[in-house]
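Examination of the molecular architecture
Below are the chains, spelled out letter by letter.
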Amino acid sequence: VAKGVGSLGVALEAVTIPGAEEVNDRLAKTDEKGECMMEIGLGIHGEAGMRQCSLLSCDEIAKEMLKAIQDYGREVDSEVVPLYKAGNELLVLVNNLGGTSNFEMSLLARSLVSQLENEAGCKTTRVLVGSFMTSFDMQGASVSIMPLTGHVKYALPFIDMHTDAPAWATVDAWTSGVSRPSDTEIGEVPGVESTSDETGEMSLPPVLIDGFADVARTILAECCKALIAAEPELTKYDTIVGDGDCGITMERGAKEVNDRLESGKLRLDHPSLMFADLADAVSASMGGTSGVLLELMFRKASTSLQSTLGVGIVFADMAIAFRAGVEAVSFYGGAQEGSRTMLDALFPASLALLSGVGPAAAIQEAAEAARKGVDATAAMDLAEAGRSNYLSKEVLMGNPDPGALAIAVVFEAMAPVL
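Right, let's walk through the structure included here. As the structure is a prediction and not an experimental result, all values here were calculated from the model. (Residues numbered from 1 in each chain as written. Predicted model: local features only at pLDDT ≥ 70, side-chain atom pairs only at ≥ 80, totals over all residues. Heavy atoms only, no water.)

The next subject is the overall build of the protein. Scanning the protein from terminus to terminus reveals 13 helices and nine strands. On C-alpha atoms alone, the protein measures out to a radius of gyration of 31 Å, which is more than a quarter above the 22 Å that the 2.2 N^0.38 rule sets for 418 residues. Overall, the protein is about 95 × 60 × 50 Å in size when its C-alpha atoms are taken along their principal axes. For the protein, buried positions account for 44% of its 418 residues. When contacts within the protein are restricted to residue pairs at least 6 apart in sequence, long-range pairs at least 24 apart make up 68% of them. Charged side chains in the protein number 30 positive and 59 negative. The centres of these two groups are separated by 4 Å. (Helix = DSSP H or I, 4+ residues; strand = E, 2+ residues; numbered from the N terminus. Rg over C-alpha atoms; globule rule 2.2 N^0.38 Å. Buried < 20%, exposed > 50% of the residue type's maximum accessible area, 1.4 Å probe, protein only. Contact = heavy atoms within 4.5 Å. Lys, Arg positive; Asp, Glu negative; His and termini not counted. Charge placed at Lys NZ, Arg CZ, Asp CG, Glu CD.)

In this model helix α1 (residues 58-72) runs 22 Å from its N-terminal to its C-terminal C-alpha over 15 residues, within 8% of the 21 Å that 1.5 Å per residue would give. Along α1, the residues classified as buried are I61, A62, M65, L66, A68 and I69. Projected down its long axis, α1 shows its buried positions confined to an angular sector of 160 degrees, all on one face. Residues of α1 that are exposed and point more than 90 degrees away from the buried face comprise K63, K67 and D71. The elements touched by buried residues of α1 are β1 (6-11), β2 (37-40), α2 (102-118) and β8 (140-147). Just downstream of α1 lies G73, where phi reads positive at about 65 degrees. (Expected span 1.5 Å × (residues − 1). Arc of directions from axis to C-beta.)

Let us now look at the sheet that holds strand β6 (residues 89-96). In a beta sheet, neighbouring strands pair by backbone hydrogen bonds and run either parallel or antiparallel. Read across the sheet, seven strands follow the order β3-β2-β1-β8-β6-β7-β9 without closing on themselves; strand pairing throughout is mixed. Each edge of the open sheet carries a strand with a single partner, namely β3 (51-54) and β9 (172-173). Relative to β8, β1 runs antiparallel, the two sharing six bridges. By the bridge assignment for β8, L8 is matched with V143. α1 rests against β1, β2, β3 and β8 of the sheet, and its axis sits at about 145 degrees to β1. (Pairing = 2+ DSSP bridges. Axes fitted to C-alpha atoms, helices over the stretch in contact; angles between N-to-C directions.)

Let's shift gears to the packing of helix α10 (residues 343-353) against helix α11 (residues 359-378). It is the contact of α10 with α11, at a shortest axis distance of 7 Å, that shows an interaxial angle of 155 degrees. Regarding the angle of α10 to α11, the classification is roughly antiparallel. Crossing hand, α10 versus α11: right-handed. Contact residues: D344, A345, P348, A349, A352 and L353 in α10; A362, I363, E365, A366, A369, A370, G373, V374 and T377 in α11. When the residues that make up the contact of α10 with α11 are grouped by side-chain class, the tally is eleven nonpolar, two polar and two charged. (Parallel < 35°, antiparallel > 145°, perpendicular 65-115°, else oblique. Left-handed = near helix turned anticlockwise from the far one by under 90°. Nonpolar A, V, L, I, M, F, W, Y, C, P; charged D, E, K, R; others polar.)

Before going further, it helps to spend a moment on the state of the cysteines. Inspection of the entire model under this criterion finds zero disulfides. The thiol sulfur of C36 is not disulfide-bonded, and the nearest other cysteine sulfur, from C53, lies at 12 Å. Its sulfur unpaired, C224 is 7.0 Å from the next cysteine sulfur, which belongs to C223. (Disulfide = S-S within 2.5 Å.)

To continue, consider the pairing of β2. Burial along β2 is two-sided: M37 and E39 and M38 and I40, pointing in opposite directions, are all buried. Relative to β2, β1 is paired through two bridges, and the arrangement is antiparallel. Across the sheet, V10 pairs through a bridge with I40, a residue of β2. The pairing of β2 with β3 spans four bridges and is classified as antiparallel. From the neighbouring strand, E39 faces β3, where its bridge partner is Q52.

In structure tokens form, the structure reads like this:
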């Protein structure tokens, strides 16, 4: 079996044995254009290969490897013949020499299999890709090819057999059908059913809230102003119970929203479009977990307002959409009310908005509920999620969650507007 296997390695960097006095830097030089060099045919221990060349593309590397293996061939009845020929079934093992990413390994495997099947006319019925024999952190890969002919076929059950060996990757076996299962492209996830009309414009329910655009503009401006002013306080508490960047992150998001508001980039004529634009602004400006979760909240609120049970969107629909956004934060973030996160302000505030009273009273109640949620976090001696979940109760007690505080700041800025 071993005599019927052809192998070759390539690398961008030779390995240095730990403890060696000299670094193996023979691939540290560049070509005449100043580009990196690579080596073809080097050994697993860093032995010099057949030749060095400028860096090649993935397809070019695969072509060089297959040509060298074919040219070397194998011995059959005292005669050297090519390792494989058209019509042969092959086993191809692509081995990570230690420092190559899974992404690059997959690309190389795809190039090798594609050329073996489309150009050499073979059928690669077994493919293995993984770190089977590494050379510390050598940036390279090797390929071993074995034609599944003659007595070798009797070894197939052992090759396909399941093993608990941690480094032995599962073999990709192609035993039936006209095409390899792993070569079938995964289709795109179907999108949400279009709500556009024949002109391509999104068909949204009408807004029945008087002066919505003007009120939204004022509220957003006040919320941005309040968040920017609250940066020192948010940073203070996040330095104690988090990683210290909550205030800066919220300030950055507020400034981005305000800039888009002043430049007319926020579509305020419809709440669904407004929430979608707010999600874009948050995504573009806010990093960290809070930025991701707030983006999810706004996007869920946006999609929720693309339809309504009534003839148009009223305040109750806005409240329901906001609640849906809060539940999305909980679902994807994995926290609940009582986990000592921004949800301790978001959940009670969203519940207050659903109380059925008028908009002004509902937002006032939401602001009060959010503030009570903030105060509750200061009395919690355990955080079940977020950056605070490893801190002691001595650190947590008396210090509110900065994310929840930011939510309260926003609602308290909204209340006077209405």
